[in-house]
Amino acid sequence: MENIIMYPADNEKEAVDWKAIQGQHITAVKRNILVLGSGGREHALAWKLAQSEGAHVFIAPGNAGTAQVGVNVNIKPSDFEAVKDFCLKQEINLVVVGPEQPLVDGIVDFFKGDAELKGVKIIGPDKQGAQLEGSKAYAKDFMEKYGVPTAKCFKVNKDNLNEGYKFLESVKAPYVLKADGLAAGKGVLILNDLQESKDELGKMLDGKFGAASATVVIEEFLKGIEVSVFVLTDGEHYVLLPEAKDYKRIGDGDQGLNTGGMGAVSPVPFCTPEFLNKVEDRIVKPTLKGLKAEGIDYKGFIFLGLMNDGGNPYVIEYNVRMGDPETEAVMTRIEGDFADLLMACADGRLDEVHYAKSDKTAVTVMMVSGGYPEAYKKGMIMSGLDNLKDVVAFHAGTAFDAEKNVVTAGGRVIAVTAHGASIEEARSIAYREVEKIHFEGINYRHDIGLDLMRMQ
């Protein structure tokens, strides 16, 4: 892939407009792939796709890590016209949408409604399908309609606030309040005090999370162990990708504030064949049947956030894309040509492609900025990245500074993933390499996977 300009897209001074590479010859390229997004999930997707035969990967806008596996392009995923222009000029064959917002905003509908983009395949649901993540109220109605097991709930707005209070009084603590719309992962509150829950409900309806909490879903609390199960579907067929367990709290022992995720482990010991059969029969198949009945064009990922309650799966939430940081573990366990799998998904022939997964265990440790998930500094110079071995370091919030140093550019900075024959072996390698990375204010959990080791 000579004659390709590699550049950082997150730094305005260094970023080069994609038009700068127009006219340059790209040799021996069979498939041009565009990954939309800039986080660790997108780095993991691009990393895996870059291993596919004949694949040439672009990432928009990407980060300092994605520049190692493809070409960063200075385009925002929300700018559909710019994405279209790039796809046409660079003869993109496949678009993989990383984050949820472009899906909720209708990027798939935009592609399918534009005759010029007819030859460009895209992975993701249409706008209606994306409401499974874009609206928690919609998702709960969908689950109730198609018999998908989930927690009892009540949907509240300012017009029925008193009924919301009565529902809170009818269930036991802890109390779960969820903003209906997208709130950058911050719209869920789990509270133990009834009066505090009533007060917070009022604040949410008054705009605590902006328009996202104009409607609030109150849920009965589910007890058990959480697990993320990932489905890839073409609307008719599906495959289960490797499952994972992520760790949301900032501190060891699941203490402190919720985050976007501090680490992940895949596979998950309690996800036995028996449990996964229940997931398929009770959740996956009814979900796909419901999507088809609703006339939803769904070709992409379905993230099932599940609670294992006594060996029975319940849906906590749907996401319409891969999770983060689970993707940084899951992608390392997928074997074979991932681009082939996604192209088959987009074409509706997922049943024709061989899919396999490694029996190795992946452990991912997320390194974050000091202060995260609250206020934190950016621009901290990172060191030690060149000394890593036996791991893959997926960049989440990184960029280049004017001197081409890799610097922090987000709360979650980098995810270090290791493989091993067991959780113990994988986490030993991961933590050994984590100690080599340094930047001011560095923070990470020290207990990723310890709880699951007892189950092996």
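Keep in mind it's a predicted model, so treat the numbers as computed, not measured.

(A) Structural detail: the overall build of the chain. Across its full length, the chain carries 13 helices and 24 strands. For the chain, the C-alpha radius of gyration of 22 Å lies close to 23 Å, the compact-globule estimate for 456 residues. For the chain, the spread of C-alpha atoms along the three principal axes comes to 65 × 50 × 45 Å. The proportion of buried residues among the 456 residues of the chain is 58%. Relative to all contacts within the chain whose residues are 6 or more apart in sequence, the contacts with residues 24 or more apart total 69%.

(B) Structural detail: the sheet that holds strand 21 (residues 391-395). The sheet built from five strands is open, its strands ordered 12-15-20-24-21 with antiparallel pairing. What marks the edges here is a single partner per strand, and that holds for strand 12 (245-246) and strand 21. As judged from the eight bridges shared by strand 20 (residues 361-368) and strand 24 (residues 412-420), these two strands associate in the antiparallel manner. Of the residues in strand 24, the one forming a bridge with V368 is R412.

(C) Spotlight on the side chain of K48. Within the element layout of this structure, K48 appears in helix 1 (residues 40-49). Despite its burial, K48 pairs with no opposite charge; the closest candidate is E335, at 8.0 Å N-O. Within the local environment of K48, its side chain forms a polar contact with the backbone oxygen of I334, the two atoms lying 2.6 Å apart. Not counting chain neighbours up to four residues away, the residues in contact with K48 comprise M331, I334, E335, G336 and F338.

(D) Focus on the pattern of salt bridges. Scanning the entire structure with this criterion turns up 32 salt bridges. For D347, the salt bridge is made with K121, and the minimal N-O distance between the two is 2.6 Å. One end of the pair, D347, is in helix 11 (residues 338-347); the other, K121, is in strand 5 (residues 121-125), and 226 residues separate them in sequence. Where R321 meets E133, a salt bridge forms, and the shortest distance between an N and an O atom there is 2.7 Å.

(E) Geometry of the packing of helix 1 against helix 11. Remark: helix 1 packs on helix 11, axes separated minimally by 8 Å, with the N-to-C direction vectors making an angle of 105°. Between helix 1 and helix 11, the interaxial angle falls into the category roughly perpendicular. Here helix 1 contributes L45, K48 and L49 to the contact with helix 11, which in turn contributes F338, A339 and L342. Class assignment of the residues belonging to the contact of helix 1 with helix 11 gives a composition of five nonpolar, no polar and one charged.

(F) Structural view of the sheet that holds strand 6 (residues 153-156). Here four strands make up an open sheet; going across it, the order is 6-9-7-8 and the pairing antiparallel. Single-partner strands in this sheet number two, and they are strand 6 and strand 8 (188-191). Strand-to-strand twist across the sheet, computed as the mean angle between neighbouring axes with direction ignored, equals 20°.

Rules behind the numbers
- Residues numbered from 1 in each chain as written.
- Predicted model: local features only at pLDDT ≥ 70, side-chain atom pairs only at ≥ 80, totals over all residues.
- Heavy atoms only, no water.
- Helix = DSSP H or I, 4+ residues; strand = E, 2+ residues; numbered from the N terminus.
- Rg over C-alpha atoms; globule rule 2.2 N^0.38 Å.
- Buried < 20%, exposed > 50% of the residue type's maximum accessible area, 1.4 Å probe, protein only.
- Contact = heavy atoms within 4.5 Å.
- Pairing = 2+ DSSP bridges.
- Lys, Arg positive; Asp, Glu negative; His and termini not counted.
- Salt bridge = Lys/Arg side-chain N within 4 Å of Asp/Glu carboxyl O.
- Polar contact = N/O pair within 3.5 Å; in protein donor to acceptor, adjacent residues only side chain to side chain.
- Axes fitted to C-alpha atoms, helices over the stretch in contact; angles between N-to-C directions.
- Parallel < 35°, antiparallel > 145°, perpendicular 65-115°, else oblique.
- Nonpolar A, V, L, I, M, F, W, Y, C, P; charged D, E, K, R; others polar.

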